[in-house]
Amino acid sequence: MSDHYDVIIIGSGAGGGTLAHRLAPSGKRILILERGDWLPREVENWDATAVFVDNRYVSPDTWYDRDGNTFQPQVHYNVGGATKMYGAALYRLREKDFGELHHHDGISPSWPVSYADFEPYYTQAEQLYQVHGIRGEDPTEPPTSAPYPFPPVSNEPRIQQLYDDLRKIGMNPFHAPAGILLNEAEPAFSACIRCATCDGFPCLVHAKSDAEVIAVRPAIAHQNVTLLRNALVERLETDASGRKVSTVIATVDGAQQRLTADIVVVSAGAANSAKLLLKSASAVHPNGLANGSDQVGRNYVFHNSRAFLAVSLEKNTTRFQKTLGVNDFYFGDDDFPYPMGNIQMVGKSSAPMYRGEKPLETALAPTFALGDVAEHAVDFWLSTEDLPRPENRVTLAPDGNVALSYTPNNRKPLDELYSRIKRNLNHLGFHPHHLIPRTAYMKNDIPIAGCAHQAGTVRFGADPATSVLDVNCRAHQLDNLYVVDTSFFPSIGAVNPSLTAAANALRVGDHLLERLG
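These numbers were taken from a predicted model, which means no experiment stands behind them.

*Asks:* Give a detailed account of the overall build of the chain, specifying residues and quantitative values.
*Replies:* Counting secondary structure elements, the chain contains eleven helices and 21 strands. Computed over the C-alpha atoms, the radius of gyration of the chain is 22 Å, within 12% of the 24 Å expected from 2.2 N^0.38 for a compact globule of 517 residues. Overall size of the chain, expressed as C-alpha extent along the three principal axes, is 70 × 50 × 45 Å. Across the 517 residues that make up the chain, the buried fraction comes to 61%. The contacts in the chain between residues at least 6 apart in sequence include a share of 73% that link residues at least 24 apart. When the accessible surface of the chain is summed, it comes to about 18,700 Å², and 51% of that surface belongs to carbon and sulfur atoms. Positive and negative side-chain charges of the chain, numbering 46 and 58 respectively, have mean locations separated by a distance of 2 Å.

*Asks:* Pulling in residues and values, what's your account of helix α4 (residues 157–168)?
*Replies:* Note that an α-helix has 3.6 residues per turn; residues three or four places apart therefore point the same way. When the terminal C-alpha atoms of α4 are compared, their 16 Å separation across twelve residues agrees well with the 16 Å that a helix rising 1.5 Å per residue should span. Where α4 is concerned, the buried positions are R158, I159, L162, Y163, D165 and L166. Projected down its long axis, α4 carries its buried residues within an arc of 170°, all on one side. Facing away from the buried side of α4, by more than 90 degrees, are the exposed residues P157 and K168. Looking one or two places after α4, you find G170, whose phi comes out positive at around 90°.

*Asks:* Can you break down the pattern of salt bridges residue by residue, with the values?
*Replies:* Within this structure, the stated rule accounts for 28 salt bridges. Across the pair R22 and D510 runs a salt bridge whose closest N-O atoms are separated by 2.8 Å. One end of the pair, R22, is in helix α1 (residues 16–23); the other, D510, is in helix α11 (residues 498–516), with 488 residues separating them in the sequence. Of the charged contacts in the structure, one is a salt bridge between E42 and R56, with a shortest N-O distance of 2.7 Å. Of this pair, E42 sits in the loop between β2 (30–33) and α2 (48–53) while R56 sits in the loop between α2 and β3 (63–64); the two residues are 14 residues apart in sequence, bridging distant segments of the chain.

*Asks:* Give a detailed account of the packing of α1 against helix α5 (residues 211–220), specifying residues and quantitative values.
*Replies:* Axis separation between α1 and α5 bottoms out at 8 Å; the angle between their running directions is 40°. One finds that α1 runs oblique with respect to α5. Taken as a pair, α1 and α5 cross one another with a handedness that is left-handed. Counting all contacts with α1, which are made through G17, T18, A20 and H21, the residues of α5 involved are I214, A215, V216, P218 and A219. Split into classes, the residues belonging to the contact of α1 with α5 amount to six nonpolar, three polar and no charged.

*Asks:* Before we move on, can you summarise the side chain of N291 with the specific residues and values?
*Replies:* Following the sequence through the fold, N291 ends up in the loop between α6 (270–279) and β14 (304–312). Here Q295 takes part through its backbone nitrogen, which lies 3.0 Å from a polar atom of the side chain of N291. Look past the residues within four positions of N291 in its chain and what remains in contact with it is L278, V296 and Q477.

*Asks:* Any chance you could break down empty space enclosed by the protein for me, citing the residues and the numbers?
*Replies:* Within the structure shown, the criterion is met by five cavities of 30 Å³ or more. Here the largest cavity defines a volume of roughly 110 Å³. Lining the largest cavity are 14 residues, and of these R94, D138, E141, Y148 and P177 sit closest to its centre. Partitioning the lining of the largest cavity into residue classes produces six nonpolar, two polar and six charged.

Calculation notes
- Residues numbered from 1 in each chain as written.
- Predicted model: local features only at pLDDT ≥ 70, side-chain atom pairs only at ≥ 80, totals over all residues.
- Heavy atoms only, no water.
- Helix = DSSP H or I, 4+ residues; strand = E, 2+ residues; numbered from the N terminus.
- Rg over C-alpha atoms; globule rule 2.2 N^0.38 Å.
- Buried < 20%, exposed > 50% of the residue type's maximum accessible area, 1.4 Å probe, protein only.
- Contact = heavy atoms within 4.5 Å.
- Areas by Shrake-Rupley, 256 points an atom, 1.4 Å probe, with all protein chains shown as cover.
- Lys, Arg positive; Asp, Glu negative; His and termini not counted.
- Charge placed at Lys NZ, Arg CZ, Asp CG, Glu CD.
- Expected span 1.5 Å × (residues − 1).
- Arc of directions from axis to C-beta.
- Salt bridge = Lys/Arg side-chain N within 4 Å of Asp/Glu carboxyl O.
- Axes fitted to C-alpha atoms, helices over the stretch in contact; angles between N-to-C directions.
- Parallel < 35°, antiparallel > 145°, perpendicular 65-115°, else oblique.
- Left-handed = near helix turned anticlockwise from the far one by under 90°.
- Nonpolar A, V, L, I, M, F, W, Y, C, P; charged D, E, K, R; others polar.
- Polar contact = N/O pair within 3.5 Å; in protein donor to acceptor, adjacent residues only side chain to side chain.
- 1 Å grid on protein atoms, 1.4 Å probe; cavity = no way out; pocket = protein on both sides within 12 Å on 5 of 7 lines; lining within 4 Å.
- Points joined across faces, edges and corners; volume = space filled by probe spheres on them.

As far as function goes, none of this settles anything; it's purely spatial.
Below you can see the structure in the form of structure tokens.
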């Protein structure tokens, strides 16, 4: 494959896949390199034991923590990237998230662009990813130029009861923005069947708005776009000046290939994008590619998160549960004037997910059998912002794998948020002694293994001394290198990062279309 391309995109997730979709109609020669393969379509897609206990789709990576201990990160390398397993909660960052925010533990820095700069691309991303929702319910919702393209996903009876009860006590629950290919008005024509195996599972019927279904498949329908699977990029080489990436070196099905393009885009996810830049060190770039500022790999963030289930006094027959959110405490309240974050539902839990989760077994035995718990459980996910710290960083281990040094910070807002939801749930028909932490989404003793929301290692900014990328996500030090995934985030806010990654890919895509002519 000595062919030369206009653009090579490394990675096919919310960043790379969406960018490919934006560039595809241009007629330019585009190559997408994906280290994984198509995620197999098989009955195990919807088998909780296969997914949560056997880790069937988790990629066999070895990463190292700050003490040099190995762990297996919860990463998934497939066409579509991390979106294949996500819960498709497609939130915009709040308008204030783009500015400097004072948190309990310090400052969340401002972005070099404003929410207004992003707004048109958020709207386009919502339309592309077919987001269901309704404006005006969430008091923290930023200004928007268009309604959601699809009506909100209805709450099933137990969740609607929770919605109504929260309203009665003066809170502002809202219909969560969901990227699913659902047609409730005409179920016979709906791809999505509202199953209980969505959040954390791959979709067997391709009815989740993941990057493979929404972006990559339509992109490769264009003759000018090529997808190369099982293609692991090992390093990037520059020309003699060091100002231009000249060659992408990849192992494709076991054989090394040297690929060239006018523009190279890295979209491998926050940890692996940083890893690739660091591995591409050379005489001209001794500390790693684009790393003159010593910022590559630094400021890793991934949210302070807590999953818990509340045992309802009545049965919860909900199948598709991820339809409700609460942002009343997002920016704090009278008793705690610092941002706390987002409350949302997670996918409905089932008994196999609890296997091996010791807190559950000890908290419940012998009151409930695990099957009974599943029948009565309502599952919540709390998300608060962790703050970017230079020492929370990705480096290379001696064997070339990711070394992730991370010390938690800004944890108090998570406890404050938990205490508020707990206090309110006690009045809403939940068993007061059965709010139980769940670790199903971070099945490892090392919390950093749960890296679904990773961001921040290759930040964009106006100043080359303190950032890696410019406002168009081009490396300050290289003319033709871009990074388009969650790495560019200066801060992560407290909502799921996928929609922001997709919106940014569309934004950078417009810049690249202009550049490519």
